[in-house]
Amino acid sequence: MPAVSGSQRWKVLRRSATFWVGLGITTMWVFFAIFGDFIAPYDPLGVPQDILNRLAPPSAEHWFGTDELGRDVLSRVMAGARSVMTIALAATVIGTVVGTAVGLMVGYFGGILDDIVGRILDAFLSIPLVITGLLALAALGPNTFGVVIVIGLVFTPLIAKTVRAAVLSERQLDYVTAAQLRRENSFYILFVEILPNVTSVIVVEFTVRLGYAIFTILALAFLGFGIEPSVPDWGLAISQHYSYLTGNVWWPVLFPALAIASLVVGVNLLADGISQAVE
Amino acid sequence: MLRYIARRIGLAIITLFLITIIVFAGTQILPGNVAQRIAGPFATAEQMEQLAYRLGTDRPLWSQYSDWVFGWPCSARETDQSGCPALGRGGAIRGDLGTSAALSRPVSQLLGRAVVNSAKLAVVAFVIVVPLSILGGVVAALRRGKLTDRIITVGGLSATVIPEFVSGIVLILVFAIWLDWFPGTATAPQGAGFFEQLYYLILPAMPLVLVLFGYIAKITRAGVIEALDADYTRTATLKGLPRGRVIRRDVLRNALLPTIAVVASQVGYLIGGLVVVEVLFNYQGIGRLVFDASKKADFPVLAGAVLVIALAFQVSMLLADLAYSWLNPRIRLGAEE
């Protein structure tokens, strides 16, 4: 692979339409995650002022209609960005930090450690993420902190695998041999010499995993795990309202669904743009 | 080739054993104990003790684990009618996964029915998605860089990342409620014939199709592009062979190799997606079983289901590797990597 300089990467990135569209959508949802509560037209947690106004179709007062408790759907969609984005970010950061550390060590020291970790990894990968999440959450009870830890833990071996592969090719290079000849200690070589050279791999892995985290968190929320029932959350909103679909009450379901679709597509376009620039 | 197969099967078996340890450890991180959960908060200490004895949870962990995997002779506890540990008398290795804590029925029986149902749904999804996505990938590659390529690539990528319950909801809304073309459930009435069952499974299969399409198409596209740029393709073209024949004989044959591996590796994602789809479309498959068991903390069922899922995944990976090596003469003829 030819060496790509930072400015070349930026040039590719700047001209990538997918990157800009992805960045735009993601930024919008980050904005709502932070300020959604304040700019929402109604209180997203609002106790229903009048119960007669429950499941009201979209109108001038409620653009997206109201839900089964008479709460404004638009406000809850805006505020719902927060729960999924914080959980996804926290889980992905944990997975990336621990996974990078493990990957660096396994890739550098190799040998028996590599074999053992490789086997355990294969075992973990045979269980779909959603199933692992269900298993763990059945044991821990519905608990937001549990979701963060479980997804972080599952991501750890996946990220470690990618970092390991990158380290294996770096290990052969002269700068590592030079550092070894200078008798630097292994941790210095790993974290000061090798780590900066594998950052681009880690950045790509981070954005891709962030997409998967959002996917999984919302699926678990839809299945009723991990989110407190009163918190505005898109997955939860869908699970609470999809039985009304048969009565053609589509607004409390369709708008959160579109929000989810736009967020995951945005994050993945962003990830795709970045990975193309890095390659 | 034989050595390769033996080595590959050996690795799969080791992996499965590691999974039994992971799953067993997973059932042990439970706060409180299984007996407490089943008996409820008002059980007396004596009832709890009896239940723990009946479930076998009063014994040391290593012995519970080995009973679950290898079986428990039961002679010591044969006296009462259900004196066998909850996680199975014959051991998972002989297909005995114990008794459901919530439904009081053998786990293997519950799993058997669910696996058949899920397999039907998965087959419908695969039969639709495999030809469609390979076609999509080939078309995208042949029109590389053009609008058709961008639509298939970006559209496929977007479809892949949208969670199944989101696309499922939209599909139900549009095709079951607004247009009324398909039923909104996956469960056909009792005694439905083949075509009626198929009709009920098409809409539930679509979210799985959408998720798999982008990924398989992407790999096919990459394979076709690589083959199009390869020397043998240029040679064939320069020899004056018609383009259609070059594509069929040289390009496709080489490009479909990586696709096979990808199709099989997607079985895991497919099963993950089944949970959501089966809950949404109210279908009694393995995903629904896992969902219900996790709601009720029914660990014998959960543990058994996860084992079956991991087994299905390992078998499909094994078959993919074998098919791949059989199609690829460099591996078939015994050359080391």
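None of these values were measured; they are calculated from a predicted model. (Residues numbered from 1 in each chain as written. Chains lettered and ligands numbered in written order. Predicted model: local features only at pLDDT ≥ 70, side-chain atom pairs only at ≥ 80, totals over all residues.)

J.: Before we move on, could you go through the overall build of chain B and cite the residues and values that matter?
T.: What chain B contains, in helices and strands, is 14 helices and zero strands. Secondary structure elements in chain B, listed N-terminal to C-terminal, are α-α-α-α-α-α-α-α-α-α-α-α-α-α. The buried share among the 337 residues of chain B stands at 42%. Taking as baseline every contact in chain B between residues at least 6 positions apart, the subset at least 24 positions apart corresponds to 64%. (Helix = DSSP H or I, 4+ residues; strand = E, 2+ residues; numbered from the N terminus. Buried ≥ 20, exposed ≤ 12 C-beta atoms within 10 Å, placed from the backbone. Contact = placed C-beta atoms within 7 Å.)

J.: Tell me about the overall build of chain A, and please be specific about residues and values.
T.: Looking only at helices and strands, one finds eleven helices and zero strands in chain A. Listing the helices and strands of chain A from first to last along the sequence gives α-α-α-α-α-α-α-α-α-α-α. Structurally, chain A occupies a C-alpha span of about 80 × 45 × 30 Å along its principal axes. Across the 279 residues that make up chain A, the buried fraction comes to 49%. Pairs at least 24 apart in sequence give 74% of the contacts found in chain A among residues at least 6 apart.

J.: Outline the environment of G285(B), listing residues and values.
T.: Residues and elements named next belong to chain B. By secondary structure assignment, the location of G285 is in the loop between α11 (267-280) and α12 (286-295). Residue G285 is classed as buried on the basis of its C-beta count, with 28 C-beta atoms lying within 10 Å. Along the backbone, G285 and L121 are 164 residues apart, and their C-alpha atoms lie at a distance of 8.7 Å. Once residues lying within four places of it in the same chain are set aside, the contact partners of G285 are A114, N117, S118, L121, L274 and E278.

J.: Before we move on, could you go through the packing of helix α7 (residues 174-181) of chain A against helix α8 (residues 186-194) of chain A and cite the residues and values that matter?
T.: All names here are of chain A. Where α7 contacts α8, the axes come no closer than 11 Å and their chain directions differ by 145°. Judged by the sense of rotation from one axis to the other, the crossing of α7 with α8 is right-handed. Where α7 abuts α8, its residues Y175, V176, A179 and Q180 lie against I189, E193 and I194. Here the residues of the contact of α7 with α8 are counted per class, giving five nonpolar, one polar and one charged. (Axes fitted to C-alpha atoms, helices over the stretch in contact; angles between N-to-C directions. Left-handed = near helix turned anticlockwise from the far one by under 90°. Nonpolar A, V, L, I, M, F, W, Y, C, P; charged D, E, K, R; others polar.)

J.: I'd like a rundown of the interface of chain B and chain A, residues and numbers included.
T.: With 38 residues of chain B at the interface, the matching set in chain A holds 39 residues. Looking at the side of chain B that touches chain A, the elements that each hand over two or more residues are α1 (2-28), α6 (147-161), α7 (164-178), α11, α12 and α13 (299-327) of chain B.

J.: Residue-level account of the nonpolar core, with values.
T.: Counting residues in each nonpolar core, the largest one holds 167 residues, and the members touching the most others are I214(A), I217(A), A305(B), V306(B) and I309(B). Of all the elements, helix α8 (residues 194-229) of chain B adds the most residues to this core, at 17 residues. Filtering out sequence-adjacent residues up to four positions away, I309(B) remains in contact with I127(A), P128(A), I131(A), I271(B) and I286(B). (Core = buried A, V, L, I, M, F, W, Y, C linked by C-beta atoms within 7 Å.)

J.: Please provide a residue-by-residue account of the packing of α6(B) against α8(B), values included.
T.: Residue and element names in this part refer to chain B. Contact geometry of α6 with α8 gives a least axis separation of 7 Å together with a crossing angle of 135°. With respect to each other, α6 and α8 are oriented oblique. The handedness of the crossing between α6 and α8 comes out as left-handed. Only L210, V211, F213, G214, Y215, A217 and K218 of α8 make contact with α6, whose side of the interface consists of I152, T153, G156, L157, A159 and T160. Considered class by class, the residues forming the contact of α6 with α8 number eight nonpolar, four polar and one charged. (Parallel < 35°, antiparallel > 145°, perpendicular 65-115°, else oblique.)

The values are spatial; any link to function lies outside them.
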